[in-house]
Amino acid sequence: MAALTPLLFCSGLVLLPQLSGAACPHQEAGINLWSSNATWPSGAVPSGGDVTINTSVLLDVNSARMDTVTITTGGKLVFDPSADSVRLSASMVELMGGELWIGSEDCHFTGDAEVLLTGKRDESAGAPSVQKAVVVHTGRLEVHGKPKRPWTQLSGTLNKTTREDMMGTPIYSVSDNDDSFSRSGFRMVEFNATGHPVKNWGRVSGASKFNQVASNTGNVVAVVISREAKFDGNDIAATAAAFESLCFNDTKESEIRNMVEGQRVGFAAICHIGTPANGVETVGTSINYRSQTGWLTQTVGSVDFAAMSVVSLTGINSEGQVEAASYATGTVPSLVRTITLDDSVGSWKEGDFIVMASTDYDMLQAQEFEIVECDSCANNQLNIMGPVLFTHWGEVTNGVNMKAEVGILSRNVRFHGEMENACYGGNLCDTFDYDTYGGHIKIHRNFTSARIENAEFFHMGQQPVLAAYPIHFHTCLDTSSKDVYIRKNSIHHTFSRCLTLHATHNVTVEKNVAFDHLGHCFFLEDGGEQDNVFKGNLGLVTRRGTLIPSDVAQRVATFWITNPDNKLIGNHAAGSQGMGIWILMPLLPIGHSADMDLGLTERQSQRTLLKAFRENVVHSNGDTGFRLDDELKSDGTFAPDLYHPQVDPTDPDSAYALLELDDLTAYKNTDGAWLKTMYTHMTNFKFSDNAVGILTASSISDDVGTHYEILANSTFIGESENIGEPAGNITLESGETIQMNRSVPVKNIEHALLGIASYRGPQHFMNITFSGFKNSSLRPAGAIGKRFSNVYFGSPINSVRNVSFDFADPSEGIRFYDGNATVTGYRDRDGNRHNTLMDFDGTLTGHAGCTIVRPIPFLINARCVVVPRWGPGTALCPDRFSRLKIWSGLAGLVPTFMTRNDLGASDPDISLVEQQMSYSLNSAESYILHFNTTVPKKFKMAPYGLQNNVSQLVGVCVGANQTSLQVDPNTYTKTDNMTELKADDSNSKYYYDPSIGVVMFKLTSPYPRGTNTYSHCPGTEDADLNGICSLEIKIELDAENDDGDCRSRAYPAYSTDPVSATGALTEPVF
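What counts, and where the lines are drawn
- Residues numbered from 1 in each chain as written.
- Predicted model: local features only at pLDDT ≥ 70, side-chain atom pairs only at ≥ 80, totals over all residues.
- Heavy atoms only, no water.
- Phe/Tyr/Trp six-rings, centres within 6.5 Å; stacked < 30°, edge-to-face > 60°.
- Helix = DSSP H or I, 4+ residues; strand = E, 2+ residues; numbered from the N terminus.
- Buried < 20%, exposed > 50% of the residue type's maximum accessible area, 1.4 Å probe, protein only.
- Disulfide = S-S within 2.5 Å.
- Polar contact = N/O pair within 3.5 Å; in protein donor to acceptor, adjacent residues only side chain to side chain.
- Contact = heavy atoms within 4.5 Å.
- Pairing = 2+ DSSP bridges.
- Axes fitted to C-alpha atoms, helices over the stretch in contact; angles between N-to-C directions.
- Patch = residues over 30% accessible without salt bridge, like charges linked within 9 Å, V, L, I, M, F, W, Y side chains within 5 Å.
- Areas by Shrake-Rupley, 256 points an atom, 1.4 Å probe, with all protein chains shown as cover.
- Salt bridge = Lys/Arg side-chain N within 4 Å of Asp/Glu carboxyl O.
- Lys, Arg positive; Asp, Glu negative; His and termini not counted.
- Charge placed at Lys NZ, Arg CZ, Asp CG, Glu CD.

**A short note on the packing of aromatic side chains**
- This structure, assessed with the given rule, holds 38 aromatic pairs.
- A ring pair is formed by F858 and Y927, whose centres lie 4.8 Å apart and whose planes are at 55°; its orientation type is tilted. A residue pair is termed long-range when its members are at least 10 positions apart, and F858 in the loop between β66 (850–853) and β67 (865–866) and Y927 in strand β73 (residues 926–931) qualify at 69 residues.
- Look at Y927 and you get buried, because its relative accessible area is 0%.

**Notes on the state of the cysteines**
- Here the structure, examined in full by the defined rule, presents eight disulfides.
- In this model, C247 is linked to C271 through a disulfide, with the two sulfur atoms separated by 2.1 Å. Between C247 and C271, the S-S dihedral sits near -95°, and the bridge is therefore left-handed. One end of the pair, C247, is in helix α4 (residues 236–248); the other, C271, is in strand β16 (residues 267–272), and 24 residues separate them in sequence.
- Two residues share a disulfide in this structure: C957 and C1046, whose sulfurs sit 1.8 Å from each other. Measuring handedness by torsion sign, the sulfur bridge of C957 and C1046 sits at about 70° and is right-handed. With C957 in strand β75 (residues 952–957) and C1046 in the loop between β80 (1033–1036) and α7 (1047–1050), the pair connects residues that are 89 residues apart, well separated along the chain. With respect to class, C957 is no different from C1046; both count as buried.
- In this structure C476 is a free cysteine whose sulfur lies 18 Å from that of C498, the closest cysteine sulfur available.
- No disulfide involves C850; its sulfur sits 8.3 Å from that of C877, the nearest cysteine.
- Here C850 falls in the buried class, since its relative accessible area comes to 0%.

**Points about the side chain of H619**
- Here H619 lies in strand β48 (residues 617–619).
- Within the structure, the side chain of H619 is placed 2.9 Å from the side chain of E405, a separation counted as a polar contact.

**Here we look at the environment of G819**
- As for its placement among the helices and strands, G819 is situated in the loop between β64 (816–817) and α5 (830–834).
- Looking at G819, the relative accessible area reads 0%, which means it is buried.
- In sequence terms G819 and R787 are 32 residues apart; their C-alpha atoms lie 9.7 Å from each other.
- Once you skip the residues sitting within four places of it in the chain, G819 turns out to touch Y826, R854, P872 and G873.

**Some details on the sheet that holds strand β25 (residues 367–372)**
- Taking strand neighbours across the sheet as the criterion, the six strands line up as β11-β29-β24-β25-β26-β23 in an open arrangement whose pairing is antiparallel. Taken across any chain shown, the strands that pair with only one partner, and hence form the sheet edges, are β11 (151–153) and β23 (336–340). Taking each pair of neighbouring strands and ignoring which way they run, the sheet shows an average axis angle of 35°.
- Summarising the sheet, β25 and strand β26 (residues 381–385) pair through two bridges and their orientation is antiparallel. The residue bridging V372 from the neighbouring strand is N383, located in β26.

**Let's talk about a negative patch on the surface**
- A cluster of acidic residues, E350, E370, E373 and D375, forms a negative patch at the surface.
- Secondary-structure assignment places E373 in the loop between β25 and β26.
- Judged by relative accessible area, E373 falls into the partly exposed class, the value being 49%.

**Quick word on the pattern of salt bridges**
- Counted according to the given criterion, the structure contains 54 salt bridges.
- The shortest N-O distance in the salt bridge between D112 and R414 comes to 2.7 Å. Of this pair, D112 sits in the loop between β8 (86–102) and β9 (113–117) while R414 sits in strand β30 (residues 413–417), and the two are 302 residues apart along the sequence.
- You can call R414 buried: its relative accessible area is 17%.
- Between K403 and D342 there is a salt bridge, with its nearest N and O atoms 3.1 Å apart.

Here is the structure:
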């Protein structure tokens, strides 16, 4: 136990008990009291203005409203936990070598502390750029509130409060008997003493009706606001006076006096006419984007009279509700609900507020609740005050944890800005009708210490001002020697982000709850930030902002990570208008960091492994749950990028490094994940109820080194038991109206429901289970499919392996789906027509080794089978496919088309030339490539997907009678006949037919493909026979020519017989 010494009072000095070991900051010997006149050079406690602190001061009382409080070297301001509550009110708090302590790491603050940042924005000429802030230039900022579990998850589904739950069995309910009661304005209903209706007075907008009913002594009236306060030009003061006379016999004033026309505010009152002591009224609490009163009740005799007003603050009238009812005494339904959580929450107390995340597509189904008394609750249970407006899922469904997150908002240490009632001045009032100029904390490079935990931050951040964020580390560089952390805090209702790290490294951001904010929330500003750890944070309700281009609605992200050299572990992005987690990167750091040396070379970030990514959860995001893609440009815009981690990110020529992404859960997003990488293993992914589960793509579609993407040991659910809020009637693009008994994504609701959308590659999906992919009247479905609109060609060895389905196809679900341009969302672009997918072991189609292709004549033959139930874009072929890429250097993308020799001149496949010249080819067929404008003087071609027992016969029309045809590499020799060419299995011969103008090749590979050969081409790069497609054929002519269409000469000379139907596949039956 600490040794105690006597207290000595002398000239404002207090000698406090000393603790053995680490002392609490408020127990420092000789500390001066703020409340003592002797502490201050002026001889008086500051009553306002500026003050400088250069000695240790204990804030033991609420300060006056100060202008700037400056703490200089040798100065220390310490909050006193022994006071009932202490508040520091100031427009600015600046640490200039001094220290601000609210508790310490070893002595958490146990009292009630508040830092109120005051003032309106000064927009006058010469006004300081930083206002309404705590600024740490140098010195220490130590904030250590009372520990509370930051967040947990529901243990069991919390169903929404139904009307039956809310209303019970009333004697009389106005809303049950009069639909007009919910129209806008003050609504009044009159009851007799037995609870039966006397008169529904409808809308009351002035004094008249209040005066009329006032003579009905003994009756009871209920008055509520529906939608908004309406006075219709009547005098507000006179209206309030009439109500006060009716309800309180002029003994007190009503809140009506403070209202204005059109104000969105909940209001309920019950007046016992002639008995003013029974008159009660209440104004709504702003919560869940509504002003709501809950039940206001008053007992008169044997009757309980009840009134409720819920007004939408966003103007969505369907979210409002008004009730006026009467009940037998003691039978008004309670809105209190008991919830059970996964963890002990004994640190959460009555009167605290919590937030419960949406578990549906709409992030705005997140709700705040007040904790109320519960004597019988276990340590993992709470009573909360309802109503519960939406169902919050609390189950692990088919292996996917979709339990709603529940976070504590209330803390005993609070930082917040003082806000005006409405937007003002140049504060983006055309965009926001409320004040967005809150407080902020800014920490500069030369700080000594910055550790913030267990505190609450609200009304922080300044939307109209760049670099004014709730918590902001500004160009602090390496902080590894300072043990910086931001942990277990509540950051809510903020106006510009949540936490910003700007050119700052080695900060731990852990177990924070960030709720309802404008713009990107957890924010790495310029792309040079490194070695930071984001662990166990919960972010939800991320709204669009205005500061930078990516803050727009469909792109705003809860976690905006602009450098992969950081760790993301166990974070939950639980609702954004745009993205949950977005990892993008600039070529070099941008903005202010562009002029700093952050140790990065150009494109180093694109070559840097994501330091750690595991156990993250993304849900309820309007666009994409997790996106790994895009270059951040110097002007703040963004564009698709090439992320390809390499072993040595400083060396552009080093080998690709393996990127490992583990244990991602994604549900109720439009797209679960969009990942564009190179050499990647994705494991233990769990996806449910996304419009499209996952789309992965190689950053570079060419074979520039051994690379592939593997998604393994994962679960995909199309539609689960978590049906969400039913969408009801939906009008389709066709004009038909259908009824949906479950929720639908935020956008693209008629697009096919897919678990995996295959794209580019090489990519392999293995050991994956699927359930819940059933067609509906809204859209088709498929557990596996392809990207809807695709200009790129995929690898011919993209595959599925060991996949399983818990439904019968087609009666209970669809295993695969691909549409064409006749299906909503789908296109017929080059990539759509030519992307293929191989069923390696038959677990998808029942035909091991078959390839799924578009059913176009160029690709299918008599051995293939069309599968109509899998969409108009689906056929199965037993033979292997290859891919042929053609490019022409400086000539760029030269228009081409190809013919298949058994079809002759008919049914050519014509490239749209959108991104690359490339074709998928059936290895059982032979083809000729033609140029439909000019044959380039030089061009190259390369095959993909071949192996030692799979070859491709293909010709190229270069023009008749070319006298100087050169073929490289020089290992190629010319042969005089097709028989010798067809016998070649070593890529060593070509045959040129001058009369027709076609040069023919038999393309193959010397290497076999093993079970674990995942690359485009086999080889000797590793023990699994992965390799690089090294064959690149260059054709050079004397000059370009216009004889690139050889069809009239090539056929019938090169016509072949159609492939026999022997060995043809049949439509799968399961």
